[in-house]
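Examination of the molecular architecture
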Amino acid sequence: MAKKKKFYVVWKGKKPGVYSTWNECKKQINGFEGAQYKSFASESEANLAFKKSYNDYKGKDTKKVKLSKEELLKFGKPILSSLSVDAACAGNPGKMEYRGVDTKTKQQIFIQGPFKKGTNNIGEFLAIVHGLAFLKSKKAYNYPIYTDSKIAMSWVKKKQCRTNITFSDDNKDLLDLIKRAEKWLQENSYSNPILKWETKAWGEIPADFGRK
């Protein structure tokens, strides 16, 4: 996956300005005492920031693209009466766990793991299926599920975890869980909407483990 392009503002340096690469920015700040600089997600945000003061941005996250009011209106607001799911993985593959929470209250509904040699996509897939099975057991047939993974959504739709990960004795329990999830999808129907969580507009999904 290609790296997202960043733009760099140098307020105090050898030559203050807006730069499109880190190497250009670095030339202006290396060896310059008290250099003030920051990266931005878009050129327009960087140009705007350069007209302002470094102190206006100190300590703030400027790496994410900010949406306009029109764009925010397009996304609307999330349905709070819903289940949100997410996964966390230390390494790829690595120790993976997943969970589901109440979108409104962030109360944890279920959590599984950690599993050895897992991936985020596997965890997201399992979390959605776990959520579907949980809601069916509660007779909450039309209750929405939010996920921020398009890949996991497509795997659920195809009723198959399309991972290319290698399974062995030390992650056999994960393989067994995947097989159970695929079997559940093949043998059960559901009417719960599986919706994409729009991180750009709404921030991190409530089920996020907070380890980024």
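The paragraphs below set out a description of the structure included in this document. (Residues numbered from 1 in each chain as written. Predicted model: local features only at pLDDT ≥ 70, side-chain atom pairs only at ≥ 80, totals over all residues. Heavy atoms only, no water.)

1. Focus: unusual backbone geometry
Convention followed: Numbering of helices and strands runs from the N terminus; a helix is a DSSP stretch of H or I covering at least four residues, while a strand is a stretch of E covering at least two. Buried residues are those whose accessible area, probed at 1.4 Å on protein chains only, stays under 20% of the maximum for their type, while exposed residues exceed 50% and partly exposed ones sit between those limits.
Residue G113 is joined to P114 through a cis peptide bond whose omega torsion reads 5°. Its identity is not glycine, yet K106 carries a phi of approximately 65°, on the positive side. Along the chain, K106 turns up in the loop between β5 (94–102) and β6 (108–118). K106 sits in the exposed class, given a relative accessible area of 55%. Positive phi, normally seen in glycine, also occurs at K117, with a value near 55°. The exposure class assigned to K117 is partly exposed, which follows from its relative accessible area of 36%.

2. Section: the packing of aromatic side chains
Put simply, the rule reads: To pair, rings of Phe, Tyr and Trp, with the six-membered ring standing in for Trp, must have centres within 6.5 Å; the planes then decide the type, stacked if under 30 degrees apart, edge-to-face if over 60, and tilted in the middle.
Inspection of every chain in the model, using the stated rule, returns 10 aromatic pairs. Ring geometry for W11 versus Y54: centroids 5.4 Å apart, planes at 65°, classification edge-to-face. Here W11 is found in strand β1 (residues 7–12), whereas its partner Y54 is found in the loop between α2 (43–51) and α3 (69–75), with 43 residues between them in sequence. Here the aromatic rings of F125 and W155 are separated by 6.2 Å at their centres, their planes lie at 70°, and the arrangement is edge-to-face. Of this pair, F125 sits in helix α4 (residues 120–137) while W155 sits in helix α5 (residues 150–158), and the two are 30 residues apart along the sequence. Of the two residues examined, F125 and W155, each falls in the buried class. Among the aromatic residues, those joined into a cluster by ring pairs are Y8, W22 and Y37.

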